[in-house]
Structures are given as C-alpha cells and as structure tokens.
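Structural description and commentary
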Amino acid sequence: MSITVLLSIVAFSLTPAAPAAAPKGKVWNPVTFANVLTGLPKAYYDPKRLPPKRAFVSGLTRLERSVPEVLVAGPDAQGVLRVRVKGKERQFPSGDLKTWMAMGDRLLTVLRWIDGVLGDPDQRDVLQYAVIKGVLEVLDPHTTFYTPEEYRQQQSRFTGSMVGIGVSLVADKGRIVVRALVPGGPAKKGGLRVGDVLVQVDALAMTNLSPSIAAGRLRGQAGTKVTVVVLRKGRKRRFTLVRREIVLPSVEAKMLPGRVALVTITGFPKNALAGFERAIKPVRRKKPRAWIIDLRGNEGGYILQAARMADHFLPKGQICKAVGRGGQKVVTWDVKPKKNRITEPVVVLINRRTASAAEILSGTLSVNDRALLIGERTWGKGTVQKLYPMPDKSALKLTMWQYLLAGDIPIQTAAIVPDIELRGVDLRPRALRFITAGRAENEASQAGRIDAMGGKAAWKGRPVLPPVRYLPGDADPMLQLAHRIAKVAKGTRRAALLQVARPLVAALRKTQDGAIHKQLKASGVDWQAGAGQT
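Residues numbered from 1 in each chain as written. Predicted model: local features only at pLDDT ≥ 70, side-chain atom pairs only at ≥ 80, totals over all residues. Heavy atoms only, no water.

Before going further, it helps to examine the sheet that holds strand β3 (residues 88-93). The sheet built from 3 strands is open, its strands ordered β1-β2-β3 with antiparallel pairing. The strands lining the two open edges of the sheet, one partner per strand, are β1 (70-73) and β3. Going from strand to strand, the sheet's axes swing by 20° on average, the running direction of each strand aside. Of the pairings in the sheet, the one linking strand β2 (residues 80-85) to β3 comprises 6 bridges and is antiparallel in character. Within β3, the residue paired with V83 across the bridge is R90. On top of the sheet, helix α3 (residues 52-66) reaches β1, β2 and β3; it is set at about 140° to β1, its chief contact. (Pairing = 2+ DSSP bridges. Helix = DSSP H or I, 4+ residues; strand = E, 2+ residues; numbered from the N terminus. Axes fitted to C-alpha atoms, helices over the stretch in contact; angles between N-to-C directions. Contact = heavy atoms within 4.5 Å.)

This part takes up the packing of aromatic side chains. Counting across every chain of the model gives 3 aromatic pairs. Seen in terms of ring centroids, F92 and W113 are 6.1 Å apart; in terms of plane orientation they differ by 65°. Their pairing is edge-to-face. Taken together, the positions of F92 in strand β3 and W113 in helix α4 (residues 100-118) put the pair 21 residues apart, joining distant regions of the chain. Like F92, the residue W113 is buried in the burial classification. Each ring, one from Y129 and one from F145, has its centre 5.3 Å from the other, and the planes form 45°; the classification is tilted. In this pair, Y129 is assigned in helix α5 (residues 124-136) and F145 in strand β4 (residues 144-146), connecting sequence segments 16 residues apart. For the pair Y129 and F145, one class covers both residues: buried. (Phe/Tyr/Trp six-rings, centres within 6.5 Å; stacked < 30°, edge-to-face > 60°. Buried < 20%, exposed > 50% of the residue type's maximum accessible area, 1.4 Å probe, protein only.)

With that settled, the discussion passes to the packing of helix α10 (residues 303-310) against helix α11 (residues 357-367). Packing of α10 against α11 leaves a shortest axis separation of 8 Å and a crossing angle of 20°. One way to sum up the angle between α10 and α11 is to call them roughly parallel. Classified by chirality, the crossing of α11 by α10 is right-handed. Contact residues: α10 offers I303, A306, M309 and A310, while α11 offers A357, I360, L361 and T364. Of the residues in the contact of α10 with α11, the class split is 7 nonpolar, 1 polar and no charged. (Parallel < 35°, antiparallel > 145°, perpendicular 65-115°, else oblique. Left-handed = near helix turned anticlockwise from the far one by under 90°. Nonpolar A, V, L, I, M, F, W, Y, C, P; charged D, E, K, R; others polar.)

Remark: helix α9 (residues 272-284) packs on α10, axes separated minimally by 8 Å, with the N-to-C direction vectors making an angle of 30°. Classed by the angle they form, the pair α9 and α10 counts as roughly parallel. Residue-level inspection shows A272, L273 and F276 of α9 in contact with α10, the latter providing Q305, R308 and M309.

Now for α5. The end-to-end C-alpha distance of α5 is 19 Å, a good match for the 18 Å that 13 residues give at a rise of 1.5 Å each. Burial within α5 is extensive, with 11 of its 13 residues counted as buried. (Expected span 1.5 Å × (residues − 1).)

Our focus in this paragraph is the environment of A371. Here A371 shows up in the loop between α11 and β19 (372-375). Note on A371: relative accessible area 0%, which makes it buried. Residues A371 and R493 lie 122 residues apart in sequence; the distance between their C-alpha atoms is 6.7 Å. Setting aside residues no more than four positions away along its own chain, A371 makes contact with V346, V348, L365, S366, D419, T492, R494 and L497.

Only one face of β1 is buried: it carries V70 and V72, and the other face, with L71 and A73, is open. Across 4 bridges, the pairing between β1 and β2 is antiparallel. Its bridge partner being in β2, V72 is matched across the sheet by V83. The antiparallel pairing of β1 with β2 creates a hairpin that spans 6 residues between the two strands, and G74 there sits at a positive phi of about 110°.

In this fold, H312 is placed in the loop between α10 and β16 (318-323). Side-chain polar atoms of H312 contact the side chain of E277, separated by 3.0 Å. The residues contacting H312, other than those within four sequence positions of it, are L273, F276, E277, I280, K338, R341 and I342. (Polar contact = N/O pair within 3.5 Å; in protein donor to acceptor, adjacent residues only side chain to side chain.)

With that settled, consider the pairing of strand β11 (residues 235-242). Of the strand pairs in this sheet, strand β10 (residues 225-232) and β11 are connected by 8 bridges, and their pairing is antiparallel. Bridge pairing in β11 places R232 opposite R235. The turn linking β10 back onto β11 is made up of 2 residues, and K233 within it adopts a positive phi angle of 55°.

Another aspect to go through is the confidence of the model for the chain. Across the chain, the average pLDDT comes to 87, with 89% of residues at or above 70. Counting contacts from residues 4-13, a segment whose pLDDT is below 50, to residues more than four positions away or on other chains yields 19 contacts. A low-confidence stretch, residues 15-27 stays under pLDDT 50, and its non-local contacts, those more than four residues away or across chains, total 19 contacts. (pLDDT = per-residue confidence, 0-100.)

Right, let's get into unusual backbone geometry. Of note, the amide linkage connecting G74 to P75 takes the cis form, showing an omega dihedral of 10°. Positioned with a positive phi, D202 is a non-glycine residue whose angle comes to about 55°. Residue placement: D202 occurs in the loop between β8 (197-201) and β9 (204-205). D202 gets classed as partly exposed once you look at its relative accessible area, which sits at 37%. At K287, a residue that is not glycine, the phi angle is positive and equals roughly 55°.

Attention shifts here to a positive patch on the surface. Where like charges cluster on the molecular surface, the positive patch consists of R193, K233, R235 and R237. Its location among the elements puts R235 in strand β11. (Patch = residues over 30% accessible without salt bridge, like charges linked within 9 Å, V, L, I, M, F, W, Y side chains within 5 Å. Areas by Shrake-Rupley, 256 points an atom, 1.4 Å probe, with all protein chains shown as cover. Salt bridge = Lys/Arg side-chain N within 4 Å of Asp/Glu carboxyl O. Lys, Arg positive; Asp, Glu negative; His and termini not counted. Charge placed at Lys NZ, Arg CZ, Asp CG, Glu CD.)

Scanning the model with the defined rule gives 21 salt bridges in all. With a closest N to O distance of 2.4 Å, E137 and R62 form a salt bridge. Highlighted residues: E137 in the loop between α5 and β4 and R62 in helix α3, separated in sequence by 75 residues. Residues D96 and R106 are paired through a salt bridge, measuring 2.6 Å at the closest nitrogen-oxygen approach. A residue pair is termed long-range when its members are at least 10 positions apart, and D96 in the loop between β3 and α4 and R106 in helix α4 qualify at 10 residues. For D96, a relative accessible area of 42% translates into the label partly exposed. Because the salt bridges share partners, they merge into one network encompassing R62, R65 and E137.

Below, the structure written as structure tokens:
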C-alpha cells in the first residue's frame, strides 16, 4: 500500500484544525506520517526545496539515533542503505528516488518492515516520529515536528498559560534548583522558595534528570495534586500542591526616574496584546515624557499580537505583509490607529536574540520613523510558520510565507540593524574576544536557511554611529544609554532622537573604552591607538 492510498483511506487532509482525540492505548497510527509527507509539497513555502534522496537518508539516520535496535549503514556508491534490526538486515535503495511521494512510499515500506521485526506496538509512534523529524531536518530550521508531549509543552508558549504549580527550574551543579516563582501561584503560596533544590516529585526522584523533564512532571490536569520534596538548608521539606492554570506574563511596565516608562516584552503569545494594554494603563496615568521598549531576548510569537501592539504608536501606514510562493502577496497588516495612541518619544532596545514578531515591532517602528533603535543586530527570522495539529495530538510546524516590512524591506537573514550599536567585550582569562554581530550566531548562519526575498536594500547607512564596545557586568549599558536619551528627548522622529543621542553616545564610548583599556593593561595587553591611529 502506498502512502497516497493510505491517506485516501483515512480521509485526512493537512488543514489547520483542532486536534482530534487520541485513540485509546498506543496503537500504530500511520496517518501522522502519511499526512505530514503528503501535505508538505502542497503547503510548503518552496516545494523546490524538497530533496527526496537527502530526505530519505536523513529520515533513516534520525531513526537510527532514536531507536537503539535500529542500525543504518550507507548510502554506498549506488545510494543503497542497509538497515539492520535484531540480526535481520534489508537493503533499501535511494538513488532512484526522483519524487517526494516516491520517497514517502519507500520510507513507509522501511517503517513497516522494522515494525514487523520489532513486534512491539509501543515502539510504533517512536518509529514514525523519528522518521518525520529526520525528513524535516533537510528543510529550513523552522519547519519541525512536535510529538504529543512536545506539542503540549509548546502550547504554553503559544497561549501564554500553562497548568502547573508556577515554578521555573534551572540546572545547577547536577541539581535541579528553583530559579523563580510565579506570584500568586501554587508553589509561591504553598511555601516553596527560590534556591530550593528539587529532590522528588511524587514517587519519582529527580536524580540525573533535566529541568525540562522535572517541569513536565510538575505539570498535569488542573485541580490534581502533586507532592514535591525539596532540600533547603540541608533539610528535606515536603509540600503537597494543587495544580492550576498559570498565566505567564509576557509584558511588564514601570516608571524610571525622569518620567521615562520602561516596557519589557519577553514574547508574543496569544495574550500579549491584552497584557501590554493592561501593563501600560497605570504607567500612562503618570504621564511619561518618553518610552523605552525592551525587546532583547524576545524570540517572537504571534505576528498579529506584534502588529496590533504597533497600533499604539503609529498613526497610519503599513506594518508588514506576508508573501508566499513566487512572491505572491498573501496578507497585509496595516496600522489600525488608536484614538489615545502613545505620542511621546520612543527608544527600542534589541539584541541578537530579538527575533520574528519582535523584529516586526522594532522594524516597523523604525521604518515608520517612530523610534530610535539601540543594541545589536537582531537574529533575522523573517519567515512565517503555521501549526497543523494531528489526530494523535502531535503537530507539524510548517514554513509557509516570508514577511516584508513597509517598502518591501526584508527581515529574513537581513535582520534589523540598530541606529546605535553596542557590542559586548569578553575579557575573561583565556576567553579574550570581541563579540561582534558579524561572527555571532544568527539566522544567516543556520543550515538550510531560506534567503531573503528580493526587495529594497535593508538598513542602508546603519548603524549611524561607530559601534560602542562595553564590558558586560552588573550594569546594563544599553538600558542606561536609552534612559539618558529618553530623559532629554525633544522629538519623536529618528533624526531628533539621534541629535540628542550623539553626545551621550560619545560619553559612553569614552567611559567604556577607558574601562576596557584598563582591564587589558592589567592583563599585559596594550590596546591604546598607535601613532597615526584614532
């Protein structure tokens, strides 16, 4: 039976829909494999990037890494791979695979042969999930597959909420330590403290487990109980807590000295806009003279949340548009101005971990001459993915479009370039190096990346001023500079903000250069400019 026939029998198509209920018990469900493999050519951003031979090899390679009983050798000079399972071996050619569907049919044959040799129904999902993940590895970095457990964990990021006890964990010297507690959450109310060492969850000891596995044990159905044992100051303490839905705040706002509002946005889940509007309401009552929007480390989320957030700052214009196969426009997001929009000066902080929807917000404020950008060149993710839930509660995340800012300015690999660039300098012993945007990991450095769609030259003439190098530490030079500029800002346009920024940037450069030279000199390095140099 071919993969196409299999799909027609189950009558399931690759459409974004709510996940169907999982069948009782672990039964072999080839629908997920068939649905992903047949759906890709129809929906993927660039079907020309679907290499059948490489995908076949990658699928089997991932299968070998995931299932100990499976050994894969090859391909040899003729493109033949040898698959060995429990002493039995079979050869599968790949050199004759000319189409994606032919590749899918052969992988299905491999899966069924391995399943027959193993004779273990509990392994079936492991087999098909591994092959799917391997096949997708030959595409772009953002097309991926989530197993049911992975998808459940991802949904907390997508929705901005999760069911658990409201605790953040981190690995520390082989232990799992409480890093933070959600205010008002079961863990906080129940008596857990930051610094507690997690020893046991119900009957499971946390020895040699990762924080992600431990966190998975703490999650569950709302209203259910979980018993947690922690080590605090050498004594074990036991807590019985009731799980409930925890809303994860993605926006915080506060006033800084000089009537400057600081808004920190850590992501764009489905509730980000509501969180933004709720957070800025009490701040606006204090009548700030300027705003700082901190998007550092914000890896994105829902585009619409970022677009509607931009409405609070822009009177009109285009935010961005999505283009699909062949550059055809799919959708445009235009400004929907607010009657009481923010009209004060805006400074935006970005770094190399600012990505996706966060790049849309920072980029559109800059393109529309509404903000000054300070920090580092951003990640450069300008592609759009859609989630396709499967009947077994797994999900495919598929790259569908690429988005362009107003004026057809691309973000994909081009990134957002700040007006004023700050670069951290690592002067630790044996680690002497300058951290530069050119050498930093970013979208352009990723294997299988999608290149920027043709458009206008991005960010010509930026950064406006020479980069400022600084020593990372307890102080935050980016925020300090933004705060100083915001306190004396006299206009909302980039040119006006740059004018007041120039002397402040020069003063910061002088201070930081002096600190760098001093530390280098202590290490026996003379970094002063030589004769005829500046």
